[in-house]
Amino acid sequence: MPDDLPRTVAQHRLKWKCRRGLLELDLVLERFLQHKADGLDEKSLDLLNELLDYQDNDLWDIVNGRSEDYPPRHKALVDVLRQS
């Protein structure tokens, strides 16, 4: 069994968690995963998982800049998502 299997499983779960009901959000998250997911450390993966617990409309408002209603620890990740 490869040593990176737990990370691979976590990334696979994250990919499915990024599939959303809002097409716009789905597209942003898909683009983010394509370009940034491999470079995320464990802390960033945890933060992304926390963000993905938001309801679609709330998360979309955060990602497109209409809302700043998220914990400060997510700021760097939200900034990257907004650039995606």
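Definitions and limits used
- Residues numbered from 1 in each chain as written.
- Predicted model: local features only at pLDDT ≥ 70, side-chain atom pairs only at ≥ 80, totals over all residues.
- Heavy atoms only, no water.
- Salt bridge = Lys/Arg side-chain N within 4 Å of Asp/Glu carboxyl O.
- Helix = DSSP H or I, 4+ residues; strand = E, 2+ residues; numbered from the N terminus.
- Buried < 20%, exposed > 50% of the residue type's maximum accessible area, 1.4 Å probe, protein only.

Attention shifts here to the pattern of salt bridges. For the coordinates displayed, the defined rule picks out 6 salt bridges. Between Asp 53 and Lys 17 there is a salt bridge, with the nearest N and O atoms lying 2.8 Å from each other. Of this pair, Asp 53 sits in the loop between helix 3 (42–51) and helix 4 (56–63) while Lys 17 sits in helix 1 (residues 5–17), and the two are 36 residues apart along the sequence. Classification of Asp 53 by relative accessible area gives exposed; the value is 55%. Look at Lys 17 and you get partly exposed, because its relative accessible area is 29%. With a shortest N-O distance of 3.4 Å, Arg 66 and Asp 61 are connected by a salt bridge. Here Arg 66 falls in the exposed class, since its relative accessible area comes to 59%.

Fair warning: the whole summary comes from geometry, so function is off the table for now.
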